Amino acid sequence: MDALLSLFPPGSERGDDGMLLIGGCRADALADEFGTPVLVVSERALRSRAREYADELAARWPRSRVVFASKAFPCTAVQRVMVEEGLGLDVAGGGEIVTALAAGADPALLVLHGNAKSDEEIAMAVEHGIGLVVVDNSDDVDRLEATVPAGRAQDVLVRVIPGVQADTHASVLTGHEGSKFGLAPSAAAELIGRIERSPRLRLQGLHVHVGSQILDVEPFAKSVAPIAALGEFPVYDLGGGLGARYSYEDRPPSVPEYLDALTGAAREHLPGDAELIVEPGRSMVASAAATIYRVVTVKRGSVTFVAVDGGMGDNLEVALFGQRFEAAVADRMDATDGETVTLVGRHCESGDVLVDGVRLDAPRVGDLIAVPATGAYCHTMANNYNGNRRIPVAFAADGAARLVVRRETWADLLARDVD
Ligand SMILES: Cc1ncc(COP(=O)(O)O)c(C=O)c1O
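What you are looking at is a predicted structure, and each value in this text was computed from that prediction instead of being measured.

Colleague: Describe the overall build of the protein chain, naming the residues involved and giving the relevant values.
Modeller: When its secondary structure is counted, the protein chain shows 13 helices and 20 strands. For 419 residues, the compact-globule estimate of 2.2 N^0.38 gives 22 Å, and the protein chain sits close to it at 22 Å. Across its three principal axes, the protein chain shows a C-alpha extent of roughly 70 × 55 × 40 Å. Relative to its full complement of 419 residues, the protein chain shows a buried share of 56%. Restricting to contacts in the protein chain with at least 6 residues of sequence separation, those with at least 24 account for 69%. Accessible surface, the protein chain as shown: approximately 16,700 Å² in total, 49% of it carbon and sulfur. In the protein chain, the 39 positive side-chain charges and the 60 negative ones have mean positions that sit 2 Å from each other.

Colleague: Please provide a residue-by-residue account of the layout of surface pockets, values included.
Modeller: Put simply, the largest pocket is a space of about 540 Å³. In terms of lining, the largest pocket is formed by 29 residues, of which the most central are Lys71, Thr174, Phe181, His209 and Tyr377. In terms of residue count, helix H12 (residues 317-321) provides more of the lining of the largest pocket than any other element does, 3 residues in total. Broken down by class, the residue content of the lining of the largest pocket amounts to 10 nonpolar, 13 polar and 6 charged. By volume, the second largest pocket amounts to about 390 Å³. Lining of the second largest pocket is provided by 22 residues; of these, Pro10, Arg49, Arg245, Ser283 and Ser287 occupy positions nearest its centre. Contributing elements (two or more residues each) for the lining of the second largest pocket: helix H2 (43-60) and helix H11 (282-285). Looking at the lining of the second largest pocket residue by residue, the classes come out as 12 nonpolar, 6 polar and 4 charged.

Definitions and limits used
Residues numbered from 1 in each chain as written. Predicted model: local features only at pLDDT ≥ 70, side-chain atom pairs only at ≥ 80, totals over all residues. Heavy atoms only, no water. Helix = DSSP H or I, 4+ residues; strand = E, 2+ residues; numbered from the N terminus. Rg over C-alpha atoms; globule rule 2.2 N^0.38 Å. Buried < 20%, exposed > 50% of the residue type's maximum accessible area, 1.4 Å probe, protein only. Contact = heavy atoms within 4.5 Å. Areas by Shrake-Rupley, 256 points an atom, 1.4 Å probe, with all protein chains shown as cover. Lys, Arg positive; Asp, Glu negative; His and termini not counted. Charge placed at Lys NZ, Arg CZ, Asp CG, Glu CD. 1 Å grid on protein atoms, 1.4 Å probe; cavity = no way out; pocket = protein on both sides within 12 Å on 5 of 7 lines; lining within 4 Å. Points joined across faces, edges and corners; volume = space filled by probe spheres on them. Nonpolar A, V, L, I, M, F, W, Y, C, P; charged D, E, K, R; others polar.

Structure, rendered in C-alpha cells:
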C-alpha cells in the first residue's frame, strides 16, 4: 500500500479513476449523499481495532477488560459498536453516561471518571448502577457517602498520580506531579484508608493514566510500580494514552507492543490474579475515520491558501495542541506530484489551519479534500464557532454508507436561545 493510503482507515482504496474509497464508498458519493464536511468512519476498521485490543489483552492477561474511552468519540453509534464487540465504556461525566446507556451498554461495565464530578453525576452513577466510579478526590467520597443508599456499597477505584513524565503535548499530559487529575501517592494512601472504613464504598483497586498521544511504551510501563507500592487490590485500571498515526513520520507502538510493555510491568509489580483494565480512546478510533471537505477558495500569493468548508469547528486538535495531520485531493489520489499549500478552514481565526504545508495536486475550487485520522477527539470537540453547524458522521462498510449523526441545522443553532 502506498504511504498516503496507509494513513486512511484500513481497507481504504483508490478507484480506477483516482477517487478515494473508504469502506468501499467513493468520496464523491459520500459528499453527494451527506454534504461536506462529513466525518466518515470505516465500521470494519472500528470493529477490527476493538477486537484486536480485546484479543491481544486477553491473550496476555486473561482476567482483563478493555474499556473504550468514550471521550475520544462520544456518540451513540460508536459506543454501540464497542458494546457489540464486548468492550466496556469509560464515561467522563453525565453526558457520556446518557449516550452509553442509549447505546445499550450494561451499566455494570461502565467506568466513571472526572476530576470534578457533580452531585448530579454521582447520583446518576449510583442510580444506574455504574460498575466502577473512579474517585479523584475526597469530595467524590463525601458525595458518594451522601448518595449511596444504606445497605448498598459502590465499587470504586482511586486515581493515583504516578509521577511519570511522557513526551507529549502539555495539554494532554496527566500523570505528572502537579496534575489536576488524581492524587499523589501519599494523599491516595490516606483516601484509601478512609474508603476502606466506609460502609457505602467498596475499594476495588487503583487507576492510573499517563496522558494521551504517547508514542513510546516506556511511560506506560513506568506508571505501574508507583501504584503497586500502595498495596494489593483486586483491580488495576492502567488507563489509555497510546498514540495514533497522524502523519507519515509517526510510528506509534502497535497494540501488541503496547500491551507487552503494560502486562510485562504488571507481571513484575502487580498480583497475578488481579483484573487488569485498559482504557484506550485515541488509538482505538483515530485511524478509523477521515473527514471529507470541499475546497471553497484557492488564494495564491507568497503562500497558497486552500480554504475548505470546515476547519476548527470540526477539528480542534490542530489549534489545541498543534497536532500534525496530512491531506489529499480525494478525487485525485493517484497524483504523483503537487504544490505545497496551507490548508485552512473557514473560521475567523488565523489559527484555523488544518495542515500547515502539505502537497496537494493542483487544488481548485470544488475539489474534495480528505484529511485522514480524524476519528479521535474531532467529533468530541466540534463546536459552533462562527455559527458553524456541527458536521455529520457517516459509517461506511462494504460499499454502503449510513448516517449516524446528522448535520446540525440553522434551527439547531437557534434552539437554545430562549429570549
Ligand atoms: C482517565 C482517562 N482514561 C483514558 C483516556 C483515553 O486516552 P487516549 O484517548 O489517549 O487513549 C483518557 C484521556 O485523556 C483519560 O483521561
